[in-house]
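# Tertiary structure, described
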Amino acid sequence: MTSVQVKIQSFDPARPAPGSATSPVAASCTPELAVSPWNFDAGAPAYGPGSSMEDVAPAETPRQGVIPEEYRLADDAELHERICHAKERLGNDLVVLGHFYQRDEVIEHADFVGDSFQLANAALTRQDAKYIVFCGVHFMAETADILSRDDQAVVLPNLAAGCSMADMADSSSVEECWEQLMELYADEVDDGRAAVVPVTYMNSSAALKSFVGRNGGIVCTSSNAATVLEWAFERGRRVLFFPDQHLGRNTAKAMGVPLEAMPMWNPRLPLGGNDEQALHAAQVILWHGFCSVHKRFTVEQIDDARARYPEANVIVHPESPMEVVDAADSSGSTDFIRKAVAAATEPSVFAIGTEINMVNRLADEYPQHTIFCLDPVICPCSTMYRIHPGYLAWVLEELVAGRIVNRITVDAATTEHAKTALQRMLDAKP
Ligand code: CIZ
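Residues numbered from 1 in each chain as written. Predicted model: local features only at pLDDT ≥ 70, side-chain atom pairs only at ≥ 80, totals over all residues.

The name that an unreviewed UniProt entry assigns to the protein is Quinolinate synthase, with the source organism given as Zhihengliuella halotolerans. If you open the UniProt record of the protein and go to Sequence similarities (unreviewed entry), you find "Belongs to the quinolinate synthase family. Type 3 subfamily." You can read under Pathway (unreviewed entry) in the UniProt record for the protein the words "Cofactor biosynthesis; NAD(+) biosynthesis; quinolinate from iminoaspartate: step 1/1." (UniProt positions renumbered as here; feature names shortened; annotations may be inferred.)

For strand E3 (residues 131–135), a buried count of four out of five residues is recorded, marking the element as mostly surrounded by other parts of the structure. As paired strands, strand E1 (residues 94–99) and E3 are joined by five bridges and run parallel to one another. In the strand pairing of E3, glycine 98 is matched with cysteine 135. Pairing between E3 and strand E4 (residues 153–155): three bridges, direction parallel. Within the sheet, the bridge partner assigned to tyrosine 131 lies in E4 and is alanine 153. Tracing the backbone out of E3, into helix H7 (residues 138–147) and back to the parallel element E4 gives a crossover that is right-handed. (Buried ≥ 20, exposed ≤ 12 C-beta atoms within 10 Å, placed from the backbone. Helix = DSSP H or I, 4+ residues; strand = E, 2+ residues; numbered from the N terminus. Pairing = 2+ DSSP bridges. Right-handed = clockwise from strand over helix to strand, strands pointing away.)

Residues given the UniProt feature "binding site: [4Fe-4S] cluster" (unreviewed entry) here are Cys163, Cys291 and Cys381. A maximum C-alpha distance of 9.2 Å is found for the annotated residues, which run over 219 residues; spatially they form one tight group. When you line up the elements, cysteine 163 lands in the loop between E4 and helix H8 (164–167). On the basis of neighbour count, cysteine 163 is assigned to the buried category, with 24 C-beta atoms found within 10 Å. Residues within four places of cysteine 163 in sequence aside, it is in contact with Val137, His138, Phe139, Asn203 and Thr383. Along the chain, the position of cysteine 381 falls in the loop between strand E13 (370–373) and helix H18 (389–400). (Contact = placed C-beta atoms within 7 Å.)

UniProt annotation of "binding site: iminosuccinate" (unreviewed entry) refers to His99, Ser116, Tyr201, Met202, Asn203, Ser222, His317, Pro318, Glu319 and Thr334 when read in the numbering used here. Its 27 C-beta neighbours within 10 Å are what place histidine 99 among the buried residues. In this structure histidine 99 touches Ser116, Leu119, Cys135, Gly136, Met140 and Met384, once residues within four positions along its chain are discounted. Inspection of the secondary structure puts proline 318 in the loop between strand E10 (313–316) and helix H15 (322–327). A residue is classified by how many C-beta atoms lie within 10 Å of it, and proline 318, with 26 of them, is buried. With near-sequence residues (within four places) excluded, proline 318 lies in contact with Ser222, His246, Leu247, Asn250, Thr251, Val325, Ser331 and Gly332.

Let's shift gears to the site of the ligand. Around the ligand sit His99, Asp115, Ser116, Phe117, Met202, Asn203, Thr221, Ser222, His317, Ser333 and Thr334, and that is every residue in its neighbourhood. For the shell around the ligand, the class distribution of residues is two nonpolar, eight polar and one charged. (Near = placed C-beta within 6 Å. Nonpolar A, V, L, I, M, F, W, Y, C, P; charged D, E, K, R; others polar.)

With that out of the way, let us pick up the sheet that holds strand E12 (residues 349–353). Taken in spatial order, the four strands make up an open sheet running E11-E10-E12-E13, and their pairing is parallel. At either end of the open sheet lies a strand with only one pairing partner, and these are strand E11 (330–331) and E13. Bridge count between E10 and E12: four bridges; the pairing is parallel. Bridge pairing links asparagine 313 to phenylalanine 350 in E12.

Per-residue confidence for the protein gives a mean pLDDT of 89; residues scoring 70 or more make up 87%. Long-range and interchain partners of residues 1–28, a stretch whose pLDDT sits below 50, account for 59 contacts in this model, where long-range means more than four residues apart. (pLDDT = per-residue confidence, 0-100.)

This part covers the sheet that holds E3. Taking strand neighbours across the sheet as the criterion, the four strands line up as E2-E1-E3-E4 in an open arrangement whose pairing is parallel. Looking along the sheet, the strands with just one partner apiece sit at the ends: strand E2 (112–114) and E4. The sheet shows a mean angle of 20° between the axes of neighbouring strands, taken without regard to direction. Contacting E1, E3 and E4, H7 crosses the sheet at an angle of about 155° to E3. (Axes fitted to C-alpha atoms, helices over the stretch in contact; angles between N-to-C directions.)

Glancing now at the packing of helix H10 (residues 206–214) against helix H19 (residues 412–427). Axis separation between H10 and H19 bottoms out at 7 Å; the angle between their running directions is 70°. Looking at the two axes, H10 sits roughly perpendicular to H19. The two elements H10 and H19 cross, and the hand of that crossing is left-handed. Contacts between H10 and H19 involve Ala206, Ala207, Lys209, Ser210, Val212, Gly213 and Arg214 on the former and, on the latter, Thr414, His417, Ala418, Thr420, Ala421 and Leu422. (Parallel < 35°, antiparallel > 145°, perpendicular 65-115°, else oblique. Left-handed = near helix turned anticlockwise from the far one by under 90°.)

Now for helix H6 (residues 116–124). Burial runs high along H6: seven of the nine residues are buried. Along H6, the positions that sit buried rather than exposed are Ser116, Phe117, Gln118, Leu119, Ala120, Ala122 and Ala123.

What follows is the structure in structure tokens.
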């Protein structure tokens, strides 16, 4: 994956921030999005306001702590000025990465905008940068640290910006699952292939990327999941896919794997809640994880969109439920969605099933098209949303003062095996 879109929008202080009291998001989504983000960093670990609010953050989720008052009290225009000024002072020592799902007030300052893996690679093009400030979530900053040099510091502006889906597969539950599977499959006839190959989605901790690296497995993104599954089937009789059940199911189904050969592994139950027979017959074992934003999309929303716009091109992200992917015209990664819109030469209607900041940005960039989100009350990704410009201003001004705060570091052993798993993905050919 090479194409990284360089930022294209200009700052418009008049445009309400998604979730601000005057924004359409606040009007149709949870009122808590209008609450100051600082409130959430003072309390227990939580994912904050928005669609994944009911997901329980693990106790070990990093706590951000409250940042100095000057950043909490500053208005949008002041923060914008301060960020621009700090960026100027840091010059080529700094690269700022902005994920597609970030709010506009943050994207405005990004040197590169893209998906998680594009951004980690984009950072590699900036060998002169001492500081990589990743406006995204925790696993993304970890990936950037794995791929960057040791003397480059990766900074996540708000430490509490995790990913609820990534957190649904923690190392100890996956290790436990692995032990049970190894024991179960120990008696199978050796046909030269592994009994099971672990595949982790990019949206997972560095520890899990390392786990798959150590156990003959591989990483995938939403752009290359089918290629990666082919790679895994060449080497194993079955696949253990985590953390996102939907990406695993949608991809394997499109490759012809029957649904009955895809049992789900619930980490809270013995054998994941399955009987031995089902696990022996399995081709893909799906972890019980999901994205709280994409699971909100429904077939009814697609029907409504088509009732309003019969010509609508419905594109959804493959983290959406299977029925939704089946009912859509197409499905694909954030980059696939962006490219589909960019490729339309005639004014068109796009009904999109992905995160709202990205959909709104596409609508702004391509005013010749009618572009809207399938879910009329969708919230932004609540964990991405935690990167408020106040945090960005704070980490950058700390860097100007010679202090690195919120550095994300992956230890050497984890890095080594995670790199192996990432390299296998890069080497996997369709
Ligand atoms: O990998 C990413 O950045 C995510 C979250 C999804 C995608 O499709 O790009």
